[in-house]
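Now for the letters of each chain:
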Amino acid sequence: MLGMLFVKWLSTALVVVGVSLAVARLGPRLGGVLAGTPIVLGPGYFFMLREQPPAFVAEAALGSLHAMLATLTFCLGYVLLAGGFGASASVVLAALIWLPVAAAAATLPGGVTLGLAVFLLALLLARWLMRTLGLSRDTVSQALRWGDLLMRGSLAGIIVCLATVVLDSIAPAVSGIALSFPIGMLTIALTLHQRHGPGMARATLADTQLGMLSLVAFSAVMSVSAELLPPVLVFALALGASLLVSGLLWFLPRWLPITASRDGPGVP
């Protein structure tokens, strides 16, 4: 039991830290795509598929899909708040906004189709609002705070352990919502804000809103296929759908940029 908990914690922490470092070098446009990949949902559902019955996984994934509305709100809240607050205050306040929105999203009726429709409508509104802000990616390079980054990766691992061990005794939807808490995006926002300034952090989190389509695809495919296919195939299909969406966004960048200034190849 303790050995499996350690594996869950360590694997999730390594994924979050690795992706956070990569985003810091890619710049807002491509960083937004990578930040929207299932860096926490992936490990979480990998273990859940091994430990829970298909019906549990399907309902949990639907809960994750509904919670994407809250994660979209987190990104939007951070972008707005970081224009006037510091890094820590911005992510804490955005996380506090996530909580009631996630609770409200959990009450949405219907299944995957309605969840997708509501998210896409909210995404269109969020993208319109982001474009009115005229964001730029002004940067101020500072030394990377490894201690902070490792701590946040560790917190992501704790969330996966909590959602797949403790909360699974309460309700599948609660477990799925917990896995959707944006600890990965929170880590990325703090890392970018502290190392490169609020300009690049805000631009990346704004572009992450569209990158979240990868998370939506992962959750939707997981929910639809969990009761129909073997667990290994379910995970492969969900991850494949997620990576396909990310790939499309990566190679069709005209869909993505919100930043006002030119987006270079990366940030040293």
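Read on for a plain summary of the structure. (Residues numbered from 1 in each chain as written. Predicted model: local features only at pLDDT ≥ 70, side-chain atom pairs only at ≥ 80, totals over all residues. Heavy atoms only, no water.)

What to know about the overall build of the protein chain
Then, in step 1: The number of helices and strands found in the protein chain is 12 helices and zero strands.
Then, in step 2: Traced from its N-terminal end to its C-terminal end, the protein chain shows the element sequence α-α-α-α-α-α-α-α-α-α-α-α.
Then, in step 3: Across the 268 residues in the protein chain, those meeting the buried criterion constitute 55%.
Then, in step 4: Taking the contacts inside the protein chain whose residues are at least 6 apart along the sequence as the reference set, 86% of them involve residues at least 24 apart.
Then, in step 5: Summing over all exposed atoms, the protein chain offers an accessible surface of approximately 11,000 Å²; the carbon and sulfur share of this is 75%. (Helix = DSSP H or I, 4+ residues; strand = E, 2+ residues; numbered from the N terminus. Buried < 20%, exposed > 50% of the residue type's maximum accessible area, 1.4 Å probe, protein only. Contact = heavy atoms within 4.5 Å. Areas by Shrake-Rupley, 256 points an atom, 1.4 Å probe, with all protein chains shown as cover.)

Brief notes about the environment of L120
Then, in step 1: If you trace the backbone, L120 turns up in helix 6 (residues 112-132).
Then, in step 2: We classify L120 as partly exposed; its relative accessible area is 43%.
Then, in step 3: Along the backbone, L120 and L213 are 93 residues apart, and their C-alpha atoms lie at a distance of 8.8 Å.

Some thoughts on helix 5 (residues 87-105)
An α-helix turns once every 3.6 residues. As a result, residues three or four positions apart point the same way.
Then, in step 1: For helix 5, built from 19 residues, the straight-helix expectation of 27 Å at 1.5 Å per residue is met to within 8% by its first-to-last C-alpha distance of 27 Å.
Then, in step 2: Of all the residues in helix 5, the buried ones are A87, S90, V91, A94, A95, W98, A102 and A105. (Expected span 1.5 Å × (residues − 1).)

A closer look at the packing of aromatic side chains
Then, in step 1: Summed over the entire model, instances satisfying the criterion amount to five aromatic pairs.
Then, in step 2: Their ring planes at 70° and their centres at 5.5 Å tell us that F46 and F235 sit as a pair that is edge-to-face. A residue pair is termed long-range when its members are at least 10 positions apart, and F46 in helix 3 (residues 41-51) and F235 in helix 12 (residues 231-251) qualify at 189 residues.
Then, in step 3: Through pairs of rings, three or more aromatic residues link up here, namely Y45, F46, F47, F218 and F235. (Phe/Tyr/Trp six-rings, centres within 6.5 Å; stacked < 30°, edge-to-face > 60°.)

Brief notes about the packing of helix 3 against helix 8 (residues 172-179)
Then, in step 1: At a minimum axis separation of 9 Å, helix 3 and helix 8 run at an interaxial angle of 150°. What the angle tells us is that helix 3 and helix 8 run roughly antiparallel. Residues L41, G44, Y45 and M48 of helix 3 touch helix 8, and the partners they reach there are S175, G176 and L179.
Then, in step 2: Partitioned by chemical class, the residues of the contact of helix 3 with helix 8 number four nonpolar, three polar and no charged. (Axes fitted to C-alpha atoms, helices over the stretch in contact; angles between N-to-C directions. Parallel < 35°, antiparallel > 145°, perpendicular 65-115°, else oblique. Nonpolar A, V, L, I, M, F, W, Y, C, P; charged D, E, K, R; others polar.)

Quick look at the side chain of S223
Then, in step 1: Position of S223 relative to the elements: it lies in helix 11 (residues 213-225).
Then, in step 2: You can call S223 buried: its relative accessible area is 11%.
Then, in step 3: Within polar-contact distance, the side chain of S223 engages the backbone oxygen of A58 at 3.1 Å.
Then, in step 4: In contact with S223, other than residues within four places in its own chain, are A58, A61, L62 and V112. (Polar contact = N/O pair within 3.5 Å; in protein donor to acceptor, adjacent residues only side chain to side chain.)

Some thoughts on the pattern of salt bridges
When the charged atoms of two side chains with opposite charge come close together, those side chains can pair.
Then, in step 1: With the rule as written, the count across this model stands at one salt bridge.
Then, in step 2: R127 is the salt-bridge partner of D207, the closest N and O atoms lying 3.9 Å from each other. Taken together, the residues span a long stretch of sequence, with D207 in helix 10 (residues 198-211) and R127 in helix 6 at a distance of 80 residues. (Salt bridge = Lys/Arg side-chain N within 4 Å of Asp/Glu carboxyl O.)

What to know about empty space enclosed by the protein
Then, in step 1: Evaluation of the coordinates by the stated rule reveals two cavities of 30 Å³ or more.
Then, in step 2: Put simply, the largest cavity is a space of about 120 Å³.
Then, in step 3: Elements that contribute at least two residues to the lining of the largest cavity include exactly helix 4 (54-81) and helix 9 (183-196).
Then, in step 4: Ranked by the residues each element gives to the lining of the largest cavity, the list is headed by helix 9, at three residues.
Then, in step 5: Of the residues in the lining of the largest cavity, the class split is 12 nonpolar, four polar and no charged. (1 Å grid on protein atoms, 1.4 Å probe; cavity = no way out; pocket = protein on both sides within 12 Å on 5 of 7 lines; lining within 4 Å. Points joined across faces, edges and corners; volume = space filled by probe spheres on them.)

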